[in-house]
Amino acid sequence: MVVEDREKHQRFLVGHGCFVGGIHLDQDKSTLFTTFALQSVAIFANPKAETMLQIGLGAGSASRELLKWAQKPIKIDAVDTNTNIARYAKIFFDFKENGGKVHIMDGKAFLHSPNTKKYDIIIHDVFAGGVYAGHLYTQEVFQRISEIMNPDSILAVNFLGALGTKSPLAPMVNALDKTLKSVFSDVRVFKDSGEKDAEIENLVYFASKKKIVFQIPEKLKKMHKTEGDTYWVQEHFLENEVVLNDDHASIIKDGHTHHLRRHQTQVEEGVWDKVHTWLPRATWAEFWREPTASTR
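Residue indices follow the written sequence of each chain, beginning from 1 at its first position. At least 70 in pLDDT is required for a residue's local features to be given in this predicted model, at least 80 for side-chain atom pairs to be given and counted, and no such filter applies to totals for whole chains, interfaces and linings, which use all residues. Hydrogens and water are ignored here; the side-chain numbers use all heavy atoms of the structure.

For the rest of this paragraph, the subject is the overall build of the chain. From N to C terminus, the chain includes eleven helices and twelve strands. For every residue, the accessible area (1.4 Å probe, protein chains only) is compared with the maximum for its type, and the residue is labelled buried under 20%, exposed over 50%, or partly exposed between those bounds. Counting only residues that meet the buried cut, the chain has 55% of its 296 residues in that class. Contact between two residues is taken to exist if any of their heavy atoms lie within 4.5 Å; hydrogens are not considered. Looking at the chain alone, contacts between residues at least 24 apart form 70% of all its contacts between residues at least 6 apart. On the chain, roughly 13800 Å² of surface is accessible, and the fraction owed to carbon and sulfur atoms is 50%. Here a helix means four or more residues in a row that DSSP labels H or I, a strand means two or more in a row labelled E, and each is numbered from the N terminus. Residue burial considers only the protein chains on display, and all accessible areas are found by Shrake-Rupley using a 1.4 Å probe.

This is the structure in structure tokens:
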């Protein structure tokens, strides 16, 4: 469902029971959500990228922000299980494949398809409300992803959790870190904001076969920014790097993702408490009936 708030000049894409994207209509259509701005800095680690895979399309926000800083045209393949979301991303959120293709299928099935090619950037963002995608966070899946990455390629994995050692959400945050490190030579993790002691954090894990070095464009440093907006996040994200303690964590493996299901249920409850007030009750009721487009 597409929802437009004309007073605030904002447009949201709602799918799978949560927000999967949103843009400012009067600010270069930049993303409303800082996590997509953070995912987009993958281009700073591989500025000459020419191919990209987005596992979990949503509104295509990460790729749209990323393309603003690309040195070359980037051909984008995307994978999503929801036909409506893919259609709305193109119509209402200016998502463009640039010669690539949107595949409506499960991400794991796509990764194991016989004609899968190699990519310079891969965005992995499959958390979406009531849709459980634990099978896409396993060591075996990341091993397969590494096989379709070039030597300079960068992977960005979005994950929701918590950093406090006493939080029930911390174990899976550490487990994902350990799982990625079992496959890739370098893994760096960032929060999408500077908020301290948040009950739920949006984290982005960057992984590569080589040492990850981000090169922030000089043009970005000179641009006008407001704290928290897309360009501000892209310039200041290095300030929010976190170091995780995965000494006692377990590697996530195929067939052993039940802890992830419990983790997602806890995250959903926290996220819903926070975001359900962003739209009127009637709008959410309309979403549960049928995906559509509306304004208010």
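After that view, the rundown keeps rolling.
We now examine helix α6 (residues 139-147). Taken together, the buried positions of α6 are Gln139, Val141, Phe142, Arg144, Ile145 and Ser146. Looking at the packing, one finds that the buried side of α6 touches β4 (51-55), α5 (107-111), β7 (119-124), β8 (149-161) and α7 (170-181).

Let us look at the pattern of salt bridges. Note that side chains of opposite charge can pair when their charged atoms are close. Throughout this description, the term salt bridge denotes a Lys or Arg side-chain nitrogen within 4 Å of a carboxyl oxygen of Asp or Glu. Summed over all chains, the structure comprises 16 salt bridges. One salt bridge in this structure joins Lys210 and Asp152, with 3.3 Å as the shortest N-O distance. Here Asp152 lies in strand β8 and Lys210 lies in the loop between β10 (201-208) and α8 (218-222), a separation of 58 residues in the sequence.

Counting residues in hydrophobic clusters, the biggest one holds 41 residues, and the most contacted among them are Leu38, Ile43, Phe44, Ile121, Phe206, Phe214 and Phe237. A per-element tally of this core places helix α2 (residues 42-45) first, with four residues. Nonpolar cores are built from buried Ala, Val, Leu, Ile, Met, Phe, Trp, Tyr and Cys residues. Side-chain atoms within 4.5 Å join them into one set.

As a further point, take unusual backbone geometry. Although it is not a glycine, His9 sits at a positive phi angle of roughly 60°. Examined against the element boundaries, His9 turns out to sit in the loop between β1 (2-5) and β2 (10-15). At Asn98, a residue that is not glycine, the phi angle is positive and equals roughly 55°. Within the element layout of this structure, Asn98 appears in the loop between α4 (83-92) and β6 (102-104).

By the secondary structure assignment, Ala133 is in the loop between β7 and α6. You can call Ala133 buried: its relative accessible area is 7%. Measuring from C-alpha to C-alpha, the distance between Ala133 and Arg261 comes to 8.4 Å, with 128 residues separating the pair along the chain. Discounting residues that sit within four places of it in the chain, Ala133 has contacts with Val126 and Gln264.

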